[in-house]
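Observations on the model geometry
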Amino acid sequence: IALTVMAPRHHLFKGTDIRAAAEEAGFQLGATGLFERYPTGETVADTPVFSLAHLRRPGSFEPPALAALTTPGLLLFMSLPGPLEGMKALDLLVLAVDQLARKLGGVICDEHRRKMTNQGLLNLRDKVAKLGQSPR
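Residues numbered from 1 in each chain as written. Predicted model: local features only at pLDDT ≥ 70, side-chain atom pairs only at ≥ 80, totals over all residues. Heavy atoms only, no water.

Quick look at the nonpolar core
- Ranked by internal contacts, the top residues of the largest apolar core, which has 33 residues, are Phe27, Leu52, Leu76 and Leu93.
- The set of elements that each furnish at least two residues to this core consists of strand 1 (2–6), helix 1 (15–24), strand 5 (50–54), strand 7 (73–77), helix 2 (86–104) and helix 3 (118–133).
- With nine residues, helix 2 is the largest single contributor of residues to this core. (Core = buried A, V, L, I, M, F, W, Y, C linked by side-chain atoms within 4.5 Å. Buried < 20%, exposed > 50% of the residue type's maximum accessible area, 1.4 Å probe, protein only. Helix = DSSP H or I, 4+ residues; strand = E, 2+ residues; numbered from the N terminus.)

Here it is, written out as structure tokens:
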């Protein structure tokens, strides 16, 4: 499951702004160079609920290079099953995407970088619901 946050046309997100917005949204920079969001509360998990990469190769965030980093967008992605139930994970993902888009002035898009619509969100919810019904 993936969503993107795209910078407005002819603009780029800056690495330092991404880091501030990601940390404010509860992400932490992992050893892999991706910002990761873990379950909060009582659940202890080794696996992030979802991760955040940028759209320039290789997509990872290297702390020494953050000040110079610019990117046209961000990719938030998760694998199911994960540490949380599918719909809870999707709700957290959508909230995080919204928070990042608002903070950075970006546009929420689907995995194909098309502007997310209410119908697109309903389709995503259906997809997650179907994944939750499949045998593990």
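Some points on the sheet that holds strand 1
- Read from one edge to the other, the open sheet built from six strands follows the order 3-4-5-7-1-8, with strand pairing classed as antiparallel. Across the chains shown, the open sheet's two edge strands, defined by having one partner strand only, are strand 3 (28–29) and strand 8 (107–109).
- As defined by bridge partners, strand 1 adjoins strand 8 across three bridges and the pair is classed as antiparallel. Across the sheet, methionine 6 pairs through a bridge with valine 107, a residue of strand 8. (Pairing = 2+ DSSP bridges.)

What about the environment of glutamate 85?
- Along the polypeptide, glutamate 85 turns up in the loop between strand 7 and helix 2.
- Sequence spacing of glutamate 85 and valine 49 is 36 residues, and the spatial spacing of their C-alpha atoms is 9.7 Å.
- At 3.1 Å, the side chain of glutamate 85 forms a polar contact with the backbone nitrogen of methionine 87. (Polar contact = N/O pair within 3.5 Å; in protein donor to acceptor, adjacent residues only side chain to side chain.)

A short note on the packing of aromatic side chains
- Enumeration according to the criterion identifies two aromatic pairs in this entry.
- When the ring of phenylalanine 35 is compared with that of phenylalanine 61, the centres are 4.9 Å apart and the planes differ by 65 degrees; the resulting orientation is edge-to-face. Placement of the pair is phenylalanine 35 in strand 4 (residues 35–37) and phenylalanine 61 in the loop between strand 5 and strand 6 (70–71), with a sequence separation of 26 residues. Side by side, phenylalanine 35 and phenylalanine 61 carry an identical accessibility label, which is buried. (Phe/Tyr/Trp six-rings, centres within 6.5 Å; stacked < 30°, edge-to-face > 60°.)

Quick look at the pairing of strand 1
- Counting buried residues in strand 1 gives five out of five residues, a clear majority hidden from the surface.
- Here strand 1 shows a buried face lined by Ala2, Thr4 and Met6 and a second buried face lined by Leu3 and Val5.

Here we look at the side chain of aspartate 110
- Along the chain, aspartate 110 falls in the loop between strand 8 and helix 3.
- On the basis of relative accessibility, which here comes to 13%, the residue aspartate 110 falls in the buried class.
- Within the structure, the side chain of aspartate 110 is placed 2.8 Å from the backbone nitrogen of histidine 112, a separation counted as a polar contact.

Here's the deal with the pairing of strand 5
- With five of five residues buried, strand 5 lies mostly within the body of the structure.
- Residue alternation in strand 5 divides its side chains into two sets, Phe50, Leu52 and His54 and Ser51 and Ala53, and both sets are buried.
- Pairing of strand 4 with strand 5, which is carried by three bridges, proceeds in the antiparallel orientation. Bridge assignment links phenylalanine 35 to a residue of strand 5, and that residue is leucine 52.

Re the pattern of salt bridges
- Inspection of the entire model under this criterion finds five salt bridges.
- Between glutamate 24 and lysine 103 there is a salt bridge; the shortest N-O distance is 3.2 Å. On the criterion of sequence distance, the pair formed by glutamate 24 in helix 1 and lysine 103 in helix 2 is long-range, its members being 79 residues apart. (Salt bridge = Lys/Arg side-chain N within 4 Å of Asp/Glu carboxyl O.)

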